[in-house]
Amino acid sequence: MAANRGALSAAEVATYNRQGHLHPFTALTTTEAAARRAKLEDWERRSGQDPLKEVGLKSHLIFTWLHDVATHPAILDRIESLIGPDILIYSSSVWAKNARDGRFVSWHRDSVYLGIEPVTALQAWVALSDSNRENGCLRVLSESHVGPDIVHEETFNPKSMLTRGQVLPGVDVSKAVDVELRAGQFSLHHERTVHGSEANESDDRRIGYSILYMPASATCSLGRRGALLARGTDRYGHWDLEKPPVRDEDPEVLDYLTRVWASYRDRGVKQDAVA
Ligand SMILES: O=C(O)CCC(=O)C(=O)O
């Protein structure tokens, strides 16, 4: 069996369990991150679309160059240290803020929408541009993953990147941490960790790619769902296994995703913070 070269140390695992987040780690070289950004921007030019809105649910099934990132050994090795060797990817999304476009992500908790049981899923956030305080980097609230359950209020603020403009009134931000990353680096946070980001006040874009991982043993309380086996074996059969992309924007995959999306909507179930 291949060595798990990027495994977390026992101290890092303890820190993750205590804080609910961990960074920075490196997955891509600066050149590799720039190549992903160029491909994304080429797609944006050709399609005229926002990747979060149009291909936001499972971007790793649509683009081979995002599937490569989502299944990168440097990320999966860390994920394996936290949830074991049998790893599923449920969703992945590109979060691109343009220079000074005023868009932000209010504080929210993803687990509220996911229905993954037990609540062990976690997200990697991979920087495809440098990401810092000025350009609206990801922010996390330390230790919020062990905090009480919370209810989002929906504001539908057009500047919010969350479709319903969810907010958490009165959230205590005294333990907020700026997740500053260079292009190619990534962070990890637990699905219960409250997170968000402020507007991009810089002259360049801020682009991140977030991927949601869970153990193959997890179930979904919202019904039968699809997921991609990223590493290990699925001995449980709780999820419909999705296929890795063989080419970009495969019409069959796009059709599959349209059907998935419609089935989620039909049930009137809020699947995700961006749904
Ligand atoms: O990229 C951001 O600023 C926020 C990302 C986020 O909220 C998420 O991945 O769930």
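Residues numbered from 1 in each chain as written. Predicted model: local features only at pLDDT ≥ 70, side-chain atom pairs only at ≥ 80, totals over all residues. Heavy atoms only, no water.

Visitor: How would you sum up the overall build of the protein? Please name residues and give values.
Guide: Secondary structure summary: the protein contains eight helices and 15 strands in total. For a compact globule of 275 residues, the expected C-alpha radius of gyration is about 19 Å, and the protein comes in at 17 Å, within 12% of that figure. Projected onto its principal axes, the C-alpha coordinates of the protein cover approximately 45 × 45 × 40 Å. Looking at the protein residue by residue over its 275 residues, the buried ones come to 54%. Taking the contacts inside the protein whose residues are at least 6 apart along the sequence as the reference set, 84% of them involve residues at least 24 apart. Accessible area for the protein stands at about 12200 Å²; split by element, carbon and sulfur atoms hold 51% of it. When the 33 positive and 38 negative side-chain charges of the protein are each reduced to one mean point, those points stand 1 Å apart. (Helix = DSSP H or I, 4+ residues; strand = E, 2+ residues; numbered from the N terminus. Rg over C-alpha atoms; globule rule 2.2 N^0.38 Å. Buried < 20%, exposed > 50% of the residue type's maximum accessible area, 1.4 Å probe, protein only. Contact = heavy atoms within 4.5 Å. Areas by Shrake-Rupley, 256 points an atom, 1.4 Å probe, with all protein chains shown as cover. Lys, Arg positive; Asp, Glu negative; His and termini not counted. Charge placed at Lys NZ, Arg CZ, Asp CG, Glu CD.)

Visitor: Describe the sheet that holds strand β3 (residues 105-108), and please don't skip the residues or the numbers.
Guide: The strand order across the open sheet formed by four strands is β3-β11-β6-β9, and the pairing between neighbours is antiparallel. In the strand order of this sheet, the two ends are held by β3 and β9 (176-178), each with one partner. With direction set aside, neighbouring strand axes in the sheet form an average angle of 25 degrees. Looking at chain direction, β3 and strand β11 (residues 195-197) are connected through two bridges and run antiparallel. Considered in β11, the bridge of Val105 is made with Ser197. (Pairing = 2+ DSSP bridges. Axes fitted to C-alpha atoms, helices over the stretch in contact; angles between N-to-C directions.)

Visitor: Describe the nonpolar core, listing the residues and the values that go with them.
Guide: Grouped together as the largest cluster of nonpolar side chains are 42 residues, with contacts concentrated most on Ile75, Val126, Tyr209 and Tyr213. When residues in this core are grouped by element, the largest group, six residues, is from helix α6 (residues 73-83). Residues within four places of Val126 in sequence aside, it is in contact with Leu28, Val69, Ile75, Gln185, Phe186, Ile207, Gly208, Tyr209 and Ile211. By size, the runner-up hydrophobic cluster in this structure holds 15 residues, among which are Ala121, Met214, Ala218 and Ala227. (Core = buried A, V, L, I, M, F, W, Y, C linked by side-chain atoms within 4.5 Å.)

Visitor: Give me the lowdown on the site of the ligand, citing residues and values where you can.
Guide: Near the ligand you find Trp95, Val105, His108, Asp110, Gln123, Trp125, Leu138, His195, Ser197, Arg206 and Ser210, and these make up its full shell. For the ligand, an oxygen atom lies 3.2 Å from a polar atom in the side chain of His108. Here an oxygen atom of the ligand sits 3.1 Å away from a polar atom, N or O, in the side chain of Ser210. In isolation the ligand exposes 300 Å². Once the protein is present, 99% of that is buried. Residue composition of the shell around the ligand, grouped by class: four nonpolar, five polar and two charged. (Near = heavy atom within 4 Å. Polar contact = N/O pair within 3.5 Å; in protein donor to acceptor, adjacent residues only side chain to side chain. Nonpolar A, V, L, I, M, F, W, Y, C, P; charged D, E, K, R; others polar.)

Visitor: Describe the environment of Ile211, with residues and values.
Guide: Checked against the element boundaries, Ile211 lands in strand β12 (residues 206-215). You can call Ile211 buried: its relative accessible area is 0%. For the pair Ile211 and Ser59, spaced 152 residues apart in the sequence, the C-alpha separation amounts to 9.1 Å. Residue contacts for Ile211: discarding those within four places in its chain leaves Ala70, Ile89, Ser91, Ser92, Leu122, Gln123, Ala124 and Val126.

Visitor: Describe the confidence of the model for the protein, listing the residues and the values that go with them.
Guide: Residues with a pLDDT of 70 or more make up 95% of the protein, whose mean pLDDT is 93. The low-confidence segment residues 267-275, where pLDDT is below 50, has 33 contacts with residues more than four positions distant or belonging to other chains. (pLDDT = per-residue confidence, 0-100.)

Visitor: Pulling in residues and values, what's your account of helix α2 (residues 30-47)?
Guide: Structural remark: α-helix, 3.6 residues per turn; residues separated by three or four positions point the same way. The terminal C-alpha atoms of α2 lie 26 Å apart, and with 18 residues this matches the ideal 26 Å at 1.5 Å per residue to within 8%. For α2, the complete set of buried residues consists of Ala33, Arg36, Arg37, Leu40, Glu41, Trp43 and Glu44. Viewed end-on, α2 has its buried residues packed into an arc of 155 degrees, placing them on one side of the element. Away from the buried face of α2 by more than 90 degrees, exposed residues Thr31, Arg45 and Arg46 are located. Structurally, α2 contributes buried residues whose contacts are with α3 (51-54), α5 (64-70), β2 (87-97), β5 (122-127) and β12. (Expected span 1.5 Å × (residues − 1). Arc of directions from axis to C-beta.)

Visitor: I'd love a proper account of the sheet that holds β2, names of residues and values included.
Guide: Taking strand neighbours across the sheet as the criterion, the seven strands line up as β1-β10-β5-β12-β2-β14-β15 in an open arrangement whose pairing is mixed. Looking at the sheet topology across the chains shown, the edges are occupied by β1 (21-26) and β15 (240-242). Direction aside, the axes of adjacent strands within the sheet are offset by 35 degrees on average. Strand contacts of helix α1 (residues 10-19): β1, β5 and β10 (185-190), with the helix running at about 135 degrees to β1, the strand carrying the most contacts. With respect to the sheet, α2 is in contact with β2, β5 and β12, its orientation differing from that of β12 by roughly 105 degrees.

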